[in-house]
2 protein chains.
Amino acid sequence: MSAVRRISELVPQSAKAEWLDTIIKGDCVAALNRLPDQSVDVIFADPPYNLQLEGTLHRPDQSRVDAVDDEWDQFESFAAYDAFTRAWMLAARRVLKPNGTIWVIGSYHNIFRVGSVMQDLGYWFLNDIVWRKSNPMPNFRGRRFQNAHETMIWASRDKSSKGYTFNYEAMKAANDDLQMRSDWLFPICTGKERLKTDEGDKLHPTQKPEALLARIIMSSTKPGDVVLDPFFGSGTTGAVAKRLGRHFVGIEREDSYIEAASQRIADIEPLDNLDLAQVQGKRAEPRVAFGSLIDAGLMKPGTLLCDAKRRWTANVRADGTIAIGDDAGSIHRVGARVQGLEACNGWTFWHFEEAGSLKPIDELRRIARLNMQVAAA
Amino acid sequence: MSAVRRISELVPQSAKAEWLDTIIKGDCVAALNRLPDQSVDVIFADPPYNLQLEGTLHRPDQSRVDAVDDEWDQFESFAAYDAFTRAWMLAARRVLKPNGTIWVIGSYHNIFRVGSVMQDLGYWFLNDIVWRKSNPMPNFRGRRFQNAHETMIWASRDKSSKGYTFNYEAMKAANDDLQMRSDWLFPICTGKERLKTDEGDKLHPTQKPEALLARIIMSSTKPGDVVLDPFFGSGTTGAVAKRLGRHFVGIEREDSYIEAASQRIADIEPLDNLDLAQVQGKRAEPRVAFGSLIDAGLMKPGTLLCDAKRRWTANVRADGTIAIGDDAGSIHRVGARVQGLEACNGWTFWHFEEAGSLKPIDELRRIARLNMQVAAA
DNA sequence: TGAGCACGTGAATCGCGCC
DNA sequence: AGGCGCGATTCACGTGCTC
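Residues numbered from 1 in each chain as written. Chains lettered and ligands numbered in written order. Predicted model: local features only at pLDDT ≥ 70, side-chain atom pairs only at ≥ 80, totals over all residues. Heavy atoms only, no water.

Counting secondary structure elements, chain A contains 14 helices and 14 strands. A separation threshold of at least 6 residues defines the contact pool for chain A, and within that pool the share at least 24 residues apart is 64%. (Helix = DSSP H or I, 4+ residues; strand = E, 2+ residues; numbered from the N terminus. Contact = heavy atoms within 4.5 Å.)

In the neighbourhood of DNA strand D, 31 residues make up the surrounding shell, with Y168, K172, H332 and W347 of chain A together with F140 of chain B lying closest. Among all atoms of DNA strand D positioned within 4 Å of the protein, those belonging to sugar or phosphate total 61%. Residue S330 of chain A places a side-chain N or O atom 3.1 Å away from a phosphate oxygen belonging to DNA strand D. One of the side-chain N or O atoms of W347 of chain A is found 2.7 Å from a phosphate oxygen in DNA strand D. Mapped onto the surface near DNA strand D, the elements with two or more residues apiece are α6 (168-174) and α12 (331-339) of chain A. In terms of residue count, the dominant contributor to the surface near DNA strand D is α6 of chain A (three residues). Tallied by class, residues from the surface near DNA strand D come to ten nonpolar, ten polar and eleven charged. (Near = heavy atom within 4 Å. Polar contact = N/O pair within 3.5 Å; in protein donor to acceptor, adjacent residues only side chain to side chain. Nonpolar A, V, L, I, M, F, W, Y, C, P; charged D, E, K, R; others polar.)

As a general point, the strands of a sheet are linked pairwise by backbone hydrogen bonds and lie either parallel or antiparallel. Residues and elements named next belong to chain B. In space, the eight strands of this open sheet follow the order β1-β8-β7-β2-β3-β5-β4-β6, with mixed pairing throughout. Sheet topology places β1 (22-25) and β6 (183-186) at the edges, where each strand pairs with a single neighbour. For this sheet the average axis-to-axis angle between neighbouring strands, irrespective of direction, equals 20°. With four bridges joining them, strand β7 (residues 226-229) and strand β8 (residues 247-252) adopt parallel strand pairing. Within β8, the residue paired with D229 across the bridge is G250. On top of the sheet, helix α3 (residues 78-95) reaches β2 (40-45), β3 (96-106) and β7; it is set at about 145° to β3, its chief contact. This element, helix α7 (residues 236-243), spans β2, β7 and β8 of the sheet and lies at about 170° to β8. (Pairing = 2+ DSSP bridges. Axes fitted to C-alpha atoms, helices over the stretch in contact; angles between N-to-C directions.)

This part covers unusual backbone geometry. Despite not being glycine, Q38 of chain A shows a phi value in the positive range, around 45°. Tracing the backbone through its elements, the reader meets Q38 of chain A in the loop between α2 (28-33) and β2 (40-45).

All names here are of chain B. Burial analysis of β2 places six of its six residues in the buried class, the great majority of the element. The pairing of β2 with β3 spans five bridges and is classified as parallel. Of the residues in β3, the one forming a bridge with V42 is T101. Between the parallel elements β2 and β3, the chain passes through α3 in a crossover that is right-handed. Sheet analysis places β2 next to β7, joined by two bridges and oriented parallel. When the sheet's bridge partners are listed, V42 is paired in β7 with V227. (Buried < 20%, exposed > 50% of the residue type's maximum accessible area, 1.4 Å probe, protein only. Right-handed = clockwise from strand over helix to strand, strands pointing away.)

The transform that puts chain B on chain A rotates by 179° and translates by 0.0 Å along the axis, for an RMSD of 1.7 Å. Taken together, the rotation and translation describe the operation of a two-fold axis. Residue F112 of chain B, judged by its C-alpha, is the member of chain B lying nearest the rotation axis, at 1.7 Å. (Least-squares fit on C-alpha atoms with pLDDT ≥ 70 in both.)

Let us now look at helix α9 (residues 255-266) of chain A. Given 3.6 residues to a turn, an α-helix orients residues that are three or four positions apart in the same direction. Residues and elements named next belong to chain A. Spanning twelve residues, α9 covers 16 Å between terminal C-alpha atoms, matching the ideal 16 Å at 1.5 Å per step. Looking only at α9, the buried set comprises Y257, I258, A261, R264 and I265. Buried residues in α9, looked at end-on, bunch into an arc of 135°, giving them a common side. α9 presents E259 and A266 as exposed residues on the side facing more than 90 degrees away from its buried surface. Each element contacted by the buried residues of α9 is listed here: β1 (22-25), α7 (210-220), α8 (236-243) and β8 (247-252). (Expected span 1.5 Å × (residues − 1). Arc of directions from axis to C-beta.)

Here the structure, examined in full by the defined rule, presents 39 aromatic pairs over all chains. Where Y81 of chain A meets F84 of chain A, the ring centres are 5.8 Å apart and the plane angle is 50°; that geometry is what we call tilted. Pair noted here: Y81 of chain A and F84 of chain A are both in helix α4 (residues 74-95), with a separation of three residues, about one helical turn. Residues F166 of chain A and F145 of chain B carry aromatic rings whose centres are separated by 4.8 Å and whose planes lie at 65° to one another, so their mutual orientation is edge-to-face. One end of the pair, F166 of chain A, is in the loop between β5 (149-156) and α6; the other, F145 of chain B, is in the loop between β4 (124-133) and β5 (149-156), on a second chain. One exposure class covers both F166 of chain A and F145 of chain B, and it is buried. Taken together, W103, W154, Y164, F166, Y168, W184 and F186 of chain A together with F145 of chain B form an aromatic cluster joined through their ring pairs. Here the basic side chain of K133 of chain A rests over the ring of W131 of chain A, its NZ or CZ set 5.1 Å away from the ring centre. We note R215 of chain A situated over the ring of W184 of chain A; from NZ or CZ to the ring centre the distance is 5.1 Å. (Phe/Tyr/Trp six-rings, centres within 6.5 Å; stacked < 30°, edge-to-face > 60°. Lys NZ or Arg CZ within 6 Å of the ring centre and 35° of its normal.)

The predicted structure's coordinates, where accompanied by low pLDDT, should not be read in detail. Here chain A shows a mean pLDDT of 90. Residues at 70 or above account for 90%. Low confidence marks residues 52-72 of chain A, where pLDDT is under 50. Its contacts with residues over four positions away, or in another chain, come to 29 contacts. (pLDDT = per-residue confidence, 0-100.)

This part is about the protein's contact with DNA strand C. Near DNA strand C there are 41 residues, and of these K162 of chain A together with R59, Y108, M137 and R141 of chain B occur at the shortest range. F125 of chain A is positioned with one of its backbone polar atoms (N or O) 3.1 Å from a base nitrogen of DNA strand C. At 3.2 Å, a side-chain N or O of H109 of chain B approaches a sugar or linking oxygen of DNA strand C. The class makeup of the residues in the surface near DNA strand C is 19 nonpolar, nine polar and 13 charged.

Residues and elements named next belong to chain A. Counting across every chain of the model gives 43 salt bridges over all chains. In this structure, the salt-bridge partner of D21 is K16, at a minimum N-O distance of 2.7 Å. For K16, a relative accessible area of 47% gives the class partly exposed. (Salt bridge = Lys/Arg side-chain N within 4 Å of Asp/Glu carboxyl O.)

Our focus in this paragraph is the side chain of D225 of chain A. All names here are of chain A. Among the secondary structure elements, D225 is positioned in the loop between α7 and β7 (226-229). Although D225 lies buried, it forms no salt bridge, and the closest oppositely charged side chain, K222, sits 4.6 Å away as judged by the N-O distance. Once residues within four sequence positions are removed from consideration, D225 is found in contact with D41, R246 and H247. (Lys, Arg positive; Asp, Glu negative; His and termini not counted.)

Turning to the side chain of Q207 of chain B, a few remarks are in order. Residues and elements named next belong to chain B. The residue Q207 is located in the loop between β6 and α6 (210-220) in this model. Only 2.9 Å separates the side chain of Q207 from the backbone oxygen of E193, close enough to count as a polar contact. At 2.9 Å, the side chain of Q207 and the backbone nitrogen of L195 are in polar contact.

Right, dumping it as structure tokens:
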């Protein structure tokens, strides 16, 4: 019985927190405060900004705003919204893992306040993303431009969080092999996807399209990650997370939304692992030391290496370094030095001669990796 | 000698404030404070972005990226940037006419702070506009989405400013007869348009494309309006304003920028009136009362009007109202009432029969306007 | 003269893991 | 936990030179 086996018995694979893949009923901040520290990988939040209609906001002095037609002066209403934003953003930050990231969506009514509060709290912006609507509502009065987009902020917990998940290669592959831009084009949520009440009205005023959530989740989470949505609403985040093999946690106050979202998510069939596989970049490949090529007999000490244009020639030494005269070092350092550059990828810079043509030593690394796979199988 | 003539002698047409069409050297706030109250129609501002760059960034080919590391873009903290923003925004608001509007451009580094400060000061957001760059700089490390856009805020001075200029029809005409959206696509400023130093380096690190300013000025100003740019830089705002027959005022601290911008603007040839004639929005056209069509003989009392599908028929009365049986009123009120709507544009709703086909009474309004122009000439 | 290639460059908050 | 070293990473377009 191996150590790995024993550990897996102590902490069974199937053990999972009871709040995973559930919708927590209640106030956003109170519910967040019941979750453990550093327990979620990604947060997606679609916070309310229509203060009057929400009716749950409090003034900075905690007095409740009780009437729909409550007369606020402008400053008071912005201050109240900022206080509300600060409260849930702070609570959200505690439950976020150190390398976790957060997505927040909003319009020009609220996104600037949200962004400012986030920066004040220490969130570090990675991108702002524009959701361009392919079918926005027209402007009826002809006094402004057609409001055809919403803005999302993608941020890490701290400036120092460098280990966040970003599936760069997958995004690039999905965009015809060009890196994914900060402006995304999607239709708004309509048709069969749009949840309706029994009376045929739309269930939720701002139901987000699943395609939008799918890109968010595919870009910034790994399978098995936990995605939290503190304003769960109709449950788009949960539905997409489940389909894509991620865990979700929802927080929602309204019973009608919880009920509809639960049913919606229950009907979702997760994709199987094969369909979930993402393109992996070179960073995911196992590291191979140049010296190990010599150990494996793929490269012999004394071999001459040169760059593609044969401007420089270096000698392979038994310890895995290469040398030009007295100048010795790793394939990368020597490659950088001869070119007068800060850095160099020696694997693609240096070549060896085979059958009269030059081949990059990266070819040998590829063979070494294949051998490793065969040996492991 | 008419009263009109006498007034024009007291205030000659050619009299113009000495600061019009000039570049004021100095600090932004101090210079703004020297301008009169409520003296400019539109402000375009491209303030420092407060980029926070750590090390040097290299492209994959190891070349160094020329970063914006200018002294004017450095701030101690978010609080310092906010204070700077509040100061110039406040000074700008005083010189803005009550129906003036302001455009501010920024990136995710600063735009959320700018937006919050603007709302706190009482500016009222009309739109946020996304400038999608057709040729943005790539992300070189593959750790984020490509930063492919910048954000602009368009705001009126007050929530109550209803008389601001928005050339809706001109924008619509420029967009294949579809409403102009809030996401605009333009290339960044390169090639011959980009100002260079004698050494061949870029004169200004963030010169904006003229096409972007042209759309801004065409959408939100009238010919002869005054456009102020408190961060004038290479003078794109002044160049485009002059070409489009608007006045400009620039504020700039750096002599080198002032000198280059002055030369640039001096070389500009304004478009003639014919080229400038914009598609006039219907709202800007002289108001025509339905009754005046009767006075002008274009419409006879007793004429039958009907809607495009001939569902309702109304009778034109000599007083300029129309009636269906006992239900009488303006073309708009009666049109709304029969449809059970709050409002109705009677000009496009009601039709009259001519040569066997139905034509909207708006045709007659068009003829009446032409007659008015001829009479005035 | 034209097609084609090489090269330069733009508001950028741009690693990661091992020891 | 800081230091060190591997080695991964780019799109559109204007200019100017070559063939």
